[in-house]
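Okay, here's what each chain looks like letter by letter:
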Amino acid sequence: MNLFYTPTIESGIALMEEEEAIHCTKVFRHKSGDIIYITNGSGGLFKAQIITCEKKKCTLQILETLENNDKPVPLHIAIAPTKNIARIEWFLEKATEAGITTITPIICEHSERQNINMERLQRLMIAAMKQSLQCRLPILSPVQDFKKIIANCNDELKMIAVCDKNAIPLAQTISKNKTTALIIGPEGDFSPEEINFAASHQFIPVSFGNNRFRT
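Structure report, in brief. Just so it is clear, the structure is predicted and the values come from calculations on it, not from any experiment.

Thresholds applied
Residues numbered from 1 in each chain as written. Predicted model: local features only at pLDDT ≥ 70, side-chain atom pairs only at ≥ 80, totals over all residues. Heavy atoms only, no water. Helix = DSSP H or I, 4+ residues; strand = E, 2+ residues; numbered from the N terminus. Buried < 20%, exposed > 50% of the residue type's maximum accessible area, 1.4 Å probe, protein only. Areas by Shrake-Rupley, 256 points an atom, 1.4 Å probe, with all protein chains shown as cover. Lys, Arg positive; Asp, Glu negative; His and termini not counted. Charge placed at Lys NZ, Arg CZ, Asp CG, Glu CD. 1 Å grid on protein atoms, 1.4 Å probe; cavity = no way out; pocket = protein on both sides within 12 Å on 5 of 7 lines; lining within 4 Å. Points joined across faces, edges and corners; volume = space filled by probe spheres on them. Nonpolar A, V, L, I, M, F, W, Y, C, P; charged D, E, K, R; others polar. Pairing = 2+ DSSP bridges. Phe/Tyr/Trp six-rings, centres within 6.5 Å; stacked < 30°, edge-to-face > 60°. Lys NZ or Arg CZ within 6 Å of the ring centre and 35° of its normal.

1. Digging into the overall build of the chain
Stage number 1. A tally of regular secondary structure across the chain gives 5 helices and 14 strands.
Stage number 2. Taking the principal axes of its C-alpha atoms as reference, the chain extends roughly 60 × 35 × 30 Å.
Stage number 3. Within the chain, buried positions represent 41% of all 215 residues.
Stage number 4. Of the roughly 12200 Å² of accessible surface on the chain, a fraction of 49% belongs to carbon and sulfur atoms.
Stage number 5. For the chain, the distance from the average site of its 24 positive side-chain charges to the average site of its 24 negative ones is 4 Å.

This is how it looks when you write it as structure tokens:
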């Protein structure tokens, strides 16, 4: 099954915008009358028929709302973009496939990259959602300053990943029954001031273990 992304669905009619319409009609060569499967990115899965195909948009009739058993992981990951942008793109792809709820790029004291193309990242996440047959697109929040996201976080369980042998192992901290925020820093880790600031806002310092992970 091929899955297409169509967030605009109203009164049984779906409107497929330019980029996705081109993908549907030019790459997969669908035409009026064809039956396809679409998602709105919010958990909905639908069987639809193409009514009209124009150069930059398609109109579809919803034929059936299908059962969707995927369950989002109530996890918000805030992460400092890596110097090598390909690595953060890979991360976003895998986070989407895993069903993470929200992803926020953050700027820290040791951040080596502060400018990212949010439109490109959004397109990569949409592609990952469709290719993995997911029906939920994670929220990609605007880039935020480290202290702002720490101060405004309202999740029940709040964790910050640090390079500290005394930090609590992540596996001993996580809970399936709580909304969770996990903050991941840049190359070079967070500054001591940032770690202390997070601790003052009830963030738990956690460790991924003794192994060194490739960025």
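2. So, empty space enclosed by the protein
Stage number 1. With the rule as written, the count across this model stands at 1 cavity of 30 Å³ or more.
Stage number 2. Empty space within the largest cavity amounts to approximately 50 Å³.
Stage number 3. Considering the residues around the largest cavity, the lining is formed by I79, P81, I88, L92, I103, T104, P105, I116, L121 and L140.
Stage number 4. For the lining of the largest cavity, the secondary structure elements donating two or more residues are α2 (85-98) and β8 (100-107).
Stage number 5. The element that contributes the greatest number of residues to the lining of the largest cavity is β8, accounting for 3 residues.
Stage number 6. Split by residue class, the lining of the largest cavity holds 9 nonpolar, 1 polar and no charged.

3. Considering the pairing of strand β3 (residues 13-16)
Stage number 1. Residues of β3 alternate between two faces, with A14 and M16 buried on one and I13 and L15 left unburied on the opposite face.
Stage number 2. Sheet analysis places strand β2 (residues 8-10) next to β3, joined by 3 bridges and oriented antiparallel. Residue pairing for β3: I9 is matched across the bridge by A14.
Stage number 3. Counting the residues that bridge the hairpin from β2 to β3 gives 2 residues, and of these S11 lies at a positive phi of roughly 55°.
Stage number 4. Sheet topology places β3 next to strand β6 (residues 58-66); 4 bridges connect them, and they run antiparallel.

4. Re the packing of aromatic side chains
Stage number 1. Scanning the entire structure with this criterion turns up 2 aromatic pairs.
Stage number 2. For the ring pair F4 and F28, a centre distance of 5.5 Å and an interplane angle of 85° mean the geometry is edge-to-face. Here F28 lies in the loop between α1 (18-27) and β4 (35-39) and F4 lies in strand β1 (residues 3-5), a separation of 24 residues in the sequence.
Stage number 3. Owing to a relative accessible area of 33%, F28 belongs among the partly exposed residues under this scheme.
Stage number 4. With a centroid separation of 5.3 Å and an interplanar angle of 45°, the aromatic rings of F146 and F190 are classed as tilted. Residue F146 is located in helix α4 (residues 146-152), and its partner F190 is located in the loop between β13 (180-184) and α5 (192-199); the two are separated by 44 residues in the primary sequence.
Stage number 5. You can call F146 buried: its relative accessible area is 2%.
Stage number 6. Looking at R87, its charged tip hangs above the ring of W90, at a distance of 5.6 Å from the centre.
Stage number 7. Geometry around F197 places K147 over its ring, the cationic atom sitting 5.3 Å from the centre.

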